[in-house]
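What follows is the residue order along each chain.
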Amino acid sequence: MSEVSQTGTASAAPVRVALLGGGTVGAAVARALLQHPDRYAARLGAPVELLGVAVRDTTRVREGIPADLLTDDPHALAQDADVIVELMGGLEPAGELIEAALRRGAQVVSANKQLLTRRGVELQALAQEHGAGLHHEAAVMAAVPVLAVVRESLAGDEITRIRGIVNGSTNYVLDLVAREGVPFADAVRQAGELGYLEADPTEDLEGLDAAAKIALLARTAWDVPAPPDEVDVTGISGLTDADFAAAAEQGGVLKLVASAERGADGAVRCAVRPEVLPAEDPLARTRGGTNLVELDTVLAGPVTLVGAGAGGDETASAVLGDLVRAGLAVARR
Ligand SMILES: NC(=O)c1ccc[n+]([C@@H]2O[C@H](COP(=O)([O-])OP(=O)(O)OC[C@H]3O[C@@H](n4cnc5c(N)ncnc54)[C@H](OP(=O)(O)O)[C@@H]3O)[C@@H](O)[C@H]2O)c1
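All of these numbers come straight from a predicted model, not from anything done at the bench.

1. Thoughts on the overall build of the protein chain
- Each helix and strand counted, the protein chain has 12 helices and 12 strands in total.
- For 333 residues, the compact-globule formula gives about 20 Å, and the C-alpha radius of gyration of the protein chain, at 21 Å, lands near that figure.
- Taking the principal axes of the C-alpha coordinates as reference, the protein chain spans close to 65 × 50 × 35 Å.
- Counting across all 333 residues of the protein chain, residues that qualify as buried make up 51%.
- Partitioning the contacts of the protein chain with sequence separation of at least 6, the portion at a separation of at least 24 is 68%.
- Entry remark: accessible area of the protein chain is about 15100 Å², with carbon and sulfur atoms responsible for 49%.
- A gap of 3 Å separates the mean positions of the 28 positive and 47 negative side-chain charges of the protein chain.

2. Observations concerning the site of the ligand
- Taken together, 22 residues are adjacent to the ligand, and Gly22, Val25, Asp57, Arg62 and Gly311 come closest.
- At 2.9 Å, a backbone N or O of Arg56 approaches an oxygen atom of the ligand.
- Interatomic distance of 2.8 Å between a backbone N/O atom of Asp57 and an oxygen atom of the ligand.
- For the ligand, whose free accessible area comes to 900 Å², the fraction covered by protein is 75%.
- A breakdown of the residues in the shell around the ligand according to their chemical character gives 10 nonpolar, 8 polar and 4 charged.

3. Some points on the packing of aromatic side chains
- A full pass over the atoms with the stated rule returns 2 aromatic pairs.
- Summarising the aromatic geometry, the rings of Tyr172 and Tyr196 are spaced 3.8 Å apart at their centres and angled 10 degrees between planes, so their arrangement reads as stacked. Highlighted residues: Tyr172 in helix 7 (residues 168-180) and Tyr196 in the loop between helix 8 (184-193) and helix 9 (202-205), separated in sequence by 24 residues.
- Look at Phe184 and Phe244: their rings are 5.6 Å apart centre to centre, the planes differ by 35 degrees, and that puts the pair in the tilted class. Here the residue Phe184 occupies a position in helix 8, and Phe244 occupies one in helix 11 (residues 241-249), the gap between them amounting to 60 residues.
- What makes Phe184 buried here is its relative accessible area of 8%.

4. A word on the domain arrangement of the protein chain
- Its domain assignment divides the protein chain into domain 1 (15-143 + 313-332) and domain 2 (146-309).
- Computed from C-alpha atoms alone, the centre-to-centre distance between domain 1 and domain 2 is 27 Å.
- Contacts between the two partners involve 14 residues from domain 1 and, on the opposite side, 18 residues from domain 2.
- When domain 1 packs against domain 2, close to 1400 Å² is buried across both sides, 66% of that on carbon and sulfur atoms.
- Three residues, Thr117, Val140 and Met141, lead the burial of domain 1 against domain 2; their summed loss comes to 45% of the area buried on that side.
- Where domain 1 packs against domain 2, one counts 2 salt bridges.
- With its nearest N and O atoms 2.6 Å apart, the salt bridge here joins Asp209 to Lys113.
- Put simply, the parts of the chain that give the side of domain 1 that touches domain 2 at least two residues each are helix 5 (113-129) and helix 12 (312-332).
- The greatest single-element share of the side of domain 1 that touches domain 2, amounting to 5 residues, is contributed by helix 5.

5. Let's talk about helix 5
- Across its 17 residues, helix 5 extends 22 Å between first and last C-alpha, which sits within 8% of the 24 Å expected from 1.5 Å per residue.
- Residues of helix 5 that are buried: Lys113, Leu115, Leu116, Thr117, Arg119, Gly120, Leu123, Leu126 and Ala127.
- Residue Gly131 follows helix 5 closely and has a positive phi angle near 65 degrees.

6. Re the confidence of the model for the protein chain
- Residues of the protein chain with pLDDT of at least 70 account for 97%, and the chain-wide mean is 94.
- A low-confidence stretch, residues 1-8 stays under pLDDT 50, and its non-local contacts, those more than four residues away or across chains, total 10 contacts.

7. Focus: the pairing of strand 2 (residues 48-54)
- Two strands pair when backbone bridges link them, and strand 1 (residues 15-20) and strand 2 are joined in this way by 6 bridges, in the parallel orientation. Bridge pairing links Leu20 to Ala54 in strand 2.
- Summarising the sheet, strand 2 and strand 3 (residues 70-71) pair through 2 bridges and their orientation is parallel. Following the sheet pairing, Ala54 is matched in strand 3 by Thr71.

8. Some words on the sheet that holds strand 11 (residues 290-297)
- Strand order in the open sheet formed by 6 strands is 8-10-9-7-11-12, with mixed pairing between adjacent strands. Two strands in the sheet have a free side with no partner beyond their single neighbour: strand 8 (232-233) and strand 12 (301-308).
- Sheet topology places strand 11 next to strand 12; 8 bridges connect them, and they run antiparallel. The partner of Asp296 across the bridge, within strand 12, is Pro302.
- Those strands touched by helix 10 (residues 208-222) are strand 7 (159-165), strand 8, strand 9 (252-262) and strand 10 (268-278), and its axis lies near 155 degrees from that of strand 7.
- Of the strands in this sheet, strand 9 and strand 10 are in contact with helix 11, which crosses strand 9 at around 90 degrees.

9. Here we look at the pattern of salt bridges
- Under the criterion given, the structure shown has 19 salt bridges.
- In this structure, Glu99 and Arg119 form a salt bridge, with 2.8 Å as the shortest nitrogen-oxygen distance. Of the two residues, Glu99 sits in helix 4 (residues 94-103) while Arg119 sits in helix 5, which places them 20 residues apart along the sequence.
- According to the relative accessible area criterion, Glu99 is partly exposed, its value standing at 21%.
- Here Arg325 and Asp322 are joined by a salt bridge, their closest N and O atoms 2.7 Å apart. Remark: Asp322 and Arg325 occur in helix 12; sequence separation between them is 3 residues, near one turn of the helix.
- A single salt-bridge network, built from bridges that share partners, covers Glu92, Glu99, Arg103, Arg119 and Glu122.

Cut-off values and rules
- Counting from 1, residues in each chain are numbered in the order their sequence is written.
- Local features are withheld for residues below a pLDDT of 70 in this predicted model, meaning they are given only at 70 or higher, and side-chain atom pairs are given and counted only at 80 or more; totals for whole chains, interfaces and linings count all residues.
- Hydrogens and waters are ignored; side-chain quantities use all the structure's heavy atoms.
- Note on conventions: DSSP H or I runs of at least 4 residues are helices, E runs of at least 2 residues are strands, and numbering of each starts at the N terminus.
- The globule rule is 2.2 Å times the number of residues to the power 0.38, and the radius of gyration it is compared with is taken over C-alpha atoms.
- Each residue is assigned to one of three classes by its accessible area relative to the maximum for its type, calculated with a 1.4 Å probe on protein chains only: buried under 20%, partly exposed between the two thresholds, exposed over 50%.
- The contact criterion used is simple: two residues touch if any of their non-hydrogen atoms lie within 4.5 Å.
- Computed with a 1.4 Å probe, the accessible areas rest on the Shrake-Rupley method; for each residue, only the protein chains presented here act as cover.
- Charge assignment: positive for Lys and Arg, negative for Asp and Glu; neither His nor the chain ends contribute.
- By convention, the point assigned to a charge is CZ for Arg, NZ for Lys, CD for Glu and CG for Asp.
- Throughout this document, a residue counts as near a molecule or strand when at least one of its heavy atoms sits within 4 Å of that molecule or strand.
- Each polar contact in these results corresponds to two N or O atoms within 3.5 Å; when the atoms are within protein, one needs to be able to donate a hydrogen and the other to accept it, and residues that are neighboring in sequence are counted only if both atoms are side-chain atoms.
- Note on residue classes: Ala, Val, Leu, Ile, Met, Phe, Trp, Tyr, Cys and Pro are nonpolar, Asp, Glu, Lys and Arg are charged, and everything else, Gly too, is polar.
- Pairing of aromatic side chains requires ring centres within 6.5 Å, counting the rings of Phe and Tyr and the six-membered ring of Trp. Pairs whose planes differ by under 30 degrees are stacked, by over 60 edge-to-face, and all others tilted.
- Here the limits of each domain have been adopted from an automatic or database domain assignment.
- Buried surface area refers to the total accessible area, computed with a probe of radius 1.4 Å, that the two partners give up upon joining, counted for both partners together.
- The term salt bridge refers to a pairing of a side-chain nitrogen on Lys or Arg with a carboxyl oxygen on Asp or Glu at a separation within 4 Å.
- Any helix carries an expected span of 1.5 Å times its number of residues minus one.
- pLDDT expresses, on a scale from 0 to 100, how confident the predictor is about each individual residue.
- Here a strand pair is declared whenever DSSP counts at least two bridges between the two strands.
- The axes used here are C-alpha line fits, helices contributing only the stretch in contact, and every angle between their N-to-C directions lies in the interval 0 to 180 degrees.

Right, here's the structure in full:
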């Protein structure tokens, strides 16, 4: 790669990016790259060349994305790229595309919590073996840069406990009941209508999404396997209006709390469960779709991170941060 000039990057070879997925997050990433080429060129020391955007339906107009960038062949698009940004979701074909990219030493960025929870350890090992990179900040708490803080900023400290609101959908429901007195069943329905809950809300309501996230956080913090099916999970689907009334009577607030702790024996225990928190607890004050995590550390004391747990632009922020990391790794080669 050629040297970066002071004023720009005209002489550097472009970093070739394949964007797999042009939905809520993918479209936001594409728009940022296309609208602010100078921003990313300056940060990478090389221009970013967006090779294309893989979607299922290439006939649909996507605001801010030229039609000639769209393709329905993610395999062809990915095969020559320096950086693959996987924003399709689901286990396949995302899994095989990521695996193929890692095997040829490419950099991969993904926000796919579902896939990373199941295959993250194996894929990271593959990345290491082939001198590739796998970056997945957006997979946990979207815009909140928690993985980077846990993995990099706190690398010289010791995290003893992680505790947070990591699922915005259920927090939206719980907030609606607690603050506006909406009956629980109506709040669930309203959250579905507004798009806060998936068509099948089981993952959110049963605490499985939160379990996957706390497991990924524990794995990052303590370098342990932390499989999500070993998280002690209770969701919010069994709550009743009487539970909310009882919490309010005590002056407390019902929240779905995800936590992970490393005991003196070194064993890591992860849990997700509804808890009645005192009103002054920062977790109790977390509103709507917001996410918040508290990291208890030996040297720094408690460190709190808070921000948007979903949304196209918000999640794109984390994806683009990873893209800059990935692009720098390409530029260093
Ligand atoms: N949305 C959020 O707030 C958020 C937050 C954190 C993490 N994430 C993660 O980010 C990822 C993307 O989420 P999203 O909300 O952007 O999803 P989405 O809106 O459903 O977008 C998925 C995109 O992938 C394309 N796609 C899916 N399967 C494909 C295939 N086989 N071949 C080609 N294209 C395919 C779809 O094409 P069509 O457009 O033609 O259907 C669509 O453009 C997921 O892993 C999700 O869990 C999302």
